[in-house]
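Listed below are the residues making up each chain.
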Amino acid sequence: MEAGAARELAAATGLNGLPLEYTRSLDFTDQRGLRVRQFVFTVVVPDGTPVALSPDHDDYRWAPADGLPPTSDGQRTVIEWLAGRLALSGWRPVGGYIGTIARPSSYGCFLVTDPQGRVLGMRSTVNPGVWNFPRGKVEVGERLDEAAARELREETGLLVGAEDLRLVHTVQVRQGWDGQGPFLLSVFLATAWCGELTNTEPDKHLAVTWSPADALPLPMFPTAHAALGFYLSGGRGFSTHGWDEEPFDPGALVGA
């Protein structure tokens with residue numbers, strides 16, 4: 001566990017070779033309503049130590065415990081506990097806390113339809129019972145359409161050329177269900193492919209199946225559900241999620 005924490009710290013910030021101390025674990029309910037256990041490590045960073053951010057982050061800052069930038073509820077729980085511990089005798093933080101500002105992520109999503117008009121759906125092991133479409137994050141230096149084709153192959157075994165994809169919808173999401181910030185969801189349509197449908201990642205998906213477009217399994221993530229609705233109705237090719245003035249719950253599901 002400590003090795004994994006050190007690896008993540010080094011990958012995100014370039015901070016290598018610093019001793020980590022395991023302090024405790026924290027249990028909380030995330031924005032999906034799931035119980036999460038977060039393991040907390042502390043590390044002392046000497047003044048003047050250079051920070052080299054990963055390509056997933058735009059900037060970083062050192063901040064006092066009472067002047068932290070906005071963060072997720074889970075991170076806030078961790079920070080509040082650490083702030084209390086740092087008030088104890090013998091603790092003297094050097095510099096403060098380091099916070100990173102993530103770039104808006106890009107995701108490629110697939111609407112795969114067969115000659116019968118059915119849509120391909122997947123049920124995740126991370127969110128048991130919740131359905132989604134094949135999708136995945138675009139890697140650094142990767143084209144969006146190629147990333148979508150790669151994710152479809154990795155998750156379902158179906159092969160499709162990037163040049164055969166049609167972009168049918170884009171969703172600008174203000175806050176994802178995981179509380180990790182904004183992202184753009186680009187939805188591609190695939191009507192022809194090679195290969196046999198297979199659940200190639202059973203550790204990530206409980207089921208991969210065809211469903212009629214007018215009788216989709218629920219609950220479903222609202223971004224996927226909205227994208228399909230816009231496409232089937234011939235509606236606008238762009239939508240937003242979480243940008244309205246009405247109260248917004250990133251963890252809300254359609255049909256829950």
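Residues numbered from 1 in each chain as written. Predicted model: local features only at pLDDT ≥ 70, side-chain atom pairs only at ≥ 80, totals over all residues. Heavy atoms only, no water.

### Re the overall build of the protein chain
Quick reminder of the rule: Think of it this way: any DSSP run of H or I at least four residues long counts as a helix, any run of E at least two long counts as a strand, and we number them from the N terminus. Three labels apply to residues, based on accessible area from a 1.4 Å probe with only protein chains included: buried if under 20% of the type maximum, exposed if over 50%, partly exposed otherwise in between. Contacts are assigned to residue pairs with any non-hydrogen atoms lying within 4.5 Å of each other. Per-residue and other accessible areas follow the Shrake-Rupley method at a 1.4 Å probe size, with only the shown protein chains counted as cover for residues.
Broken down by element type, the protein chain carries four helices and twelve strands. By residue count, 37% of the 256 residues in the protein chain fall in the buried class. Across the protein chain, every contact between residues at least 6 apart in sequence was considered, and the portion connecting residues at least 24 apart equals 68%. For the protein chain, the accessible surface area stands at approximately 14,300 Å², while carbon and sulfur atoms represent 52% of it.

### Regarding the pairing of strand β9 (residues 166–173)
Inclusion rule: A pair of strands is treated as paired once DSSP finds two or more bridges between them.
One ladder, built from seven bridges, connects β9 with strand β10 (residues 183–190); its direction is antiparallel. In the sheet register, Thr 170 faces β10, and the bridge partner there is Ser 186. Summarising the sheet, β9 and strand β12 (residues 238–241) pair through four bridges and their orientation is parallel. Opposite Val 171, over in β12, you have Ser 239 as the bridge partner.

### Observations concerning the nonpolar core
To keep it simple, the criterion reads: Joining through side-chain atoms within 4.5 Å is the link that ties buried Ala, Val, Leu, Ile, Met, Phe, Trp, Tyr and Cys residues into a set, and such a set is a nonpolar core.
Ranked by internal contacts, the top residues of the largest apolar core, which has 17 residues, are Leu 111, Phe 133, Leu 185, Val 187, Met 220 and Leu 228. Breaking this core down by element, the ones donating at least two residues are β5 (105–112), β9, β10 and α4 (222–232). Core analysis: the next-biggest nonpolar cluster, separate from the first, contains 13 residues, Met 122, Leu 152, Val 160 and Trp 210 among them.

### Examining helix α1 (residues 2–13)
Defined as follows: Between the first and last residue of a helix there are one fewer steps than residues, each counted as 1.5 Å, and that sum is the expected span.
With twelve residues, α1 ought to run about 16 Å at 1.5 Å a step, and its terminal C-alpha atoms sit 16 Å apart, in line with that. Turning to α1, its buried residues number three or more, namely Gly 4, Leu 9, Ala 10 and Thr 13. Positive backbone phi, at 80 degrees, marks Gly 14, one or two positions downstream of α1.

### Some words on unusual backbone geometry
Following Leu 218, the chain continues to Pro 219 via a peptide bond in cis, the omega torsion being 0 degrees. Note on placement: Pro 219 falls in the loop between β11 (205–212) and α4.

### A word on the side chain of Thr 223
With respect to the helices and strands, the residue Thr 223 is situated in helix α4. Residue contacts for Thr 223: discarding those within four places in its chain leaves Arg 135, Val 171, Val 173, Leu 185 and His 241.

### Remarks on the confidence of the model for the protein chain
Counted only if it meets this: The pLDDT score gives, residue by residue, the confidence of the prediction method on a 0 to 100 scale.
Summing up the model confidence of the protein chain, the mean pLDDT is 75 and the portion of residues at 70 or higher is 69%. For residues 87–104, every residue scores under 50 in pLDDT, and the model assigns this stretch 48 contacts once sequence neighbours within four places are set aside.

### Notes on the environment of Pro 222
Residue placement: Pro 222 occurs in helix α4. Once the C-alpha coordinates of Pro 222 and Leu 253 are considered, the two residues, 31 residues apart in sequence, prove to be 5.8 Å apart. Every residue in contact with Pro 222, bar those within four places of it in the chain, is listed here: His 241, Ala 252, Leu 253 and Val 254.

### Regarding α4
Buried residues of α4: Pro 222, Thr 223, Ala 224, Ala 227 and Leu 228, and no others. Backbone geometry just downstream of α4 places Gly 234 in the positive-phi region, at approximately 70 degrees.

### A look at the environment of Pro 182
Among the secondary structure elements, Pro 182 is positioned in the loop between β9 and β10. The spatial distance from the C-alpha of Pro 182 to the C-alpha of Gly 242 is 9.6 Å, given a sequence separation of 60 residues.

### Some words on the sheet that holds β11
Strand order in the open sheet formed by three strands is β7-β6-β11, and the pairing between neighbours is antiparallel. Each having just a single partner strand, β7 (131–132) and β11 make up the two edges of the open sheet. Where strand β6 (residues 118–124) lies against β7, two bridges are found, and the strand directions are antiparallel. The residue of β7 that forms the bridge with Met 122 is Asn 132.

### Observations concerning the packing of aromatic side chains
To keep it simple, the criterion reads: When two rings of Phe, Tyr or Trp (its six-membered ring) have centres within 6.5 Å they constitute a pair, described as stacked for plane angles under 30 degrees, edge-to-face for angles over 60, and tilted for the intermediate range.
Going through the model one piece at a time under the given rule, you end up with one aromatic pair. Both rings, one in Trp 193 and one in Trp 210, keep their centres 5.5 Å apart while their planes meet at 25 degrees; by these two values the pair is stacked. Linking Trp 193 in the loop between β10 and β11 with Trp 210 in strand β11, this pair joins segments that are 17 residues apart in sequence. On the basis of relative accessibility, which here comes to 26%, the residue Trp 193 falls in the partly exposed class.

### Quick look at the pattern of salt bridges
We apply this condition: Take a side-chain nitrogen of Lys or Arg and a carboxyl oxygen of Asp or Glu: if they are within 4 Å of each other, that pair is a salt bridge.
Evaluated as defined, the whole model comprises seven salt bridges. For Asp 114, the salt bridge goes to Arg 118, with nearest N and O atoms at 2.7 Å. With a relative accessible area of 8%, Asp 114 lands in the buried category. A salt bridge links Glu 151 to Arg 150; the nearest nitrogen and oxygen atoms lie 3.0 Å apart.

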